[in-house]
Amino acid sequence: MKQIEVVAAIIHDDEGRIFATQRGYGDMKDGWEFPGGKMEPGELPEDALKREIQEELETCIVVERLVKTVEWDYPQFHLTMHCYWCHVESGSLTLKEHEAARWLSHDQFDSVDWLPADKVVVEELKKELAAASPQSLLT
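Described in the following lines is the structure provided in the data block. (Residues numbered from 1 in each chain as written. Predicted model: local features only at pLDDT ≥ 70, side-chain atom pairs only at ≥ 80, totals over all residues. Heavy atoms only, no water.)

1. Structural notes on the packing of aromatic side chains
One pair of aromatic rings is described through two measures. These are the centre distance and the angle between the planes. Applicable threshold: Classification of ring pairs rests on two measures: the distance between centres of Phe, Tyr or Trp rings, Trp counted by its six-membered ring, which must be within 6.5 Å, and the angle between planes, read as stacked under 30 degrees, edge-to-face over 60 and tilted in between. Each helix is a run of DSSP H or I of at least 4 residues and each strand a run of E of at least 2, with the numbering of both proceeding from the N terminus. Relative accessibility thresholds used throughout: buried, under 20% of the residue-type maximum; exposed, over 50%; partly exposed, between the two (1.4 Å probe, protein chains only).
Applying the stated criterion across every chain yields a total of four aromatic pairs. Plain terms: the ring middles of Phe19 and Trp103 are 5.1 Å apart, the flat faces sit at 55 degrees to each other, and that makes the pair tilted. A residue pair is termed long-range when its members are at least 10 positions apart, and Phe19 in strand 2 (residues 18-23) and Trp103 in strand 7 (residues 98-104) qualify at 84 residues. The class for Phe19 is buried, based on a relative accessible area of 4%. Taking relative accessible area as the criterion, Trp103 reaches 27% and is therefore assigned partly exposed. Members of the aromatic cluster, each reached through a chain of ring pairs, are Trp72, Tyr74 and Phe77.

Written as structure tokens, this is what we have:
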């Protein structure tokens, strides 16, 4: 089975909301995900994430911490997805590859149709939020 390794940004704002994007292309078009993309050979995950967000959203981010690495089997490939808690350093989150985006508060997480691997991350975020105040997650 084909193996794909990607990075994903869980971009948060000062209000504790997260940024979700809707795919505009490919087999999983219209599914919601955390933005990011494939790592280049020899590239560190944090560097790949900064590059991908700059390319896809014309935005510079600060990568804060690893939240979770998800291993997921899709029908055509095995996905390894490293998900990082991030915030915007500069830029305006301009959609270049996605068809839509939304800022979601914790009570809106289930309002979009997440792709299966991303849903695993959403469930992890829900657990973290239940155990701590949203403000404590920002640090």
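2. Observations regarding helix 2 (residues 116-131)
Here is the rule: Residue count minus one, scaled by 1.5 Å, sets the expected span of a helix. Along the arc lie the directions from the helix axis toward the C-beta atoms.
With 16 residues, helix 2 ought to run about 22 Å at 1.5 Å a step, and its terminal C-alpha atoms sit 23 Å apart, in line with that. Within the span of helix 2, buried status applies to Ala117, Asp118, Val121, Val122, Leu125, Glu128 and Leu129. Projection of helix 2 onto a plane perpendicular to its axis shows the buried side chains occupying an angular sector of 145 degrees, all on one side. Exposed positions of helix 2 whose direction lies more than 90 degrees from the buried face are Lys127, Ala130 and Ala131.

3. Quick notes on the pairing of strand 6 (residues 77-91)
Just so we agree on the cut-off: Pairing between two strands requires that DSSP report at least two bridges joining them.
Alignment of strand 1 (residues 2-12) against strand 6, held across 11 bridges, turns out to be parallel. Its bridge partner being in strand 6, Ile4 is matched across the sheet by Leu79. Bridge count between strand 5 (residues 59-73) and strand 6: 13 bridges; the pairing is antiparallel. Counterpart to Val70 in the pairing with strand 6 is Met81. As consecutive antiparallel partners, strand 5 and strand 6 are separated by three residues.

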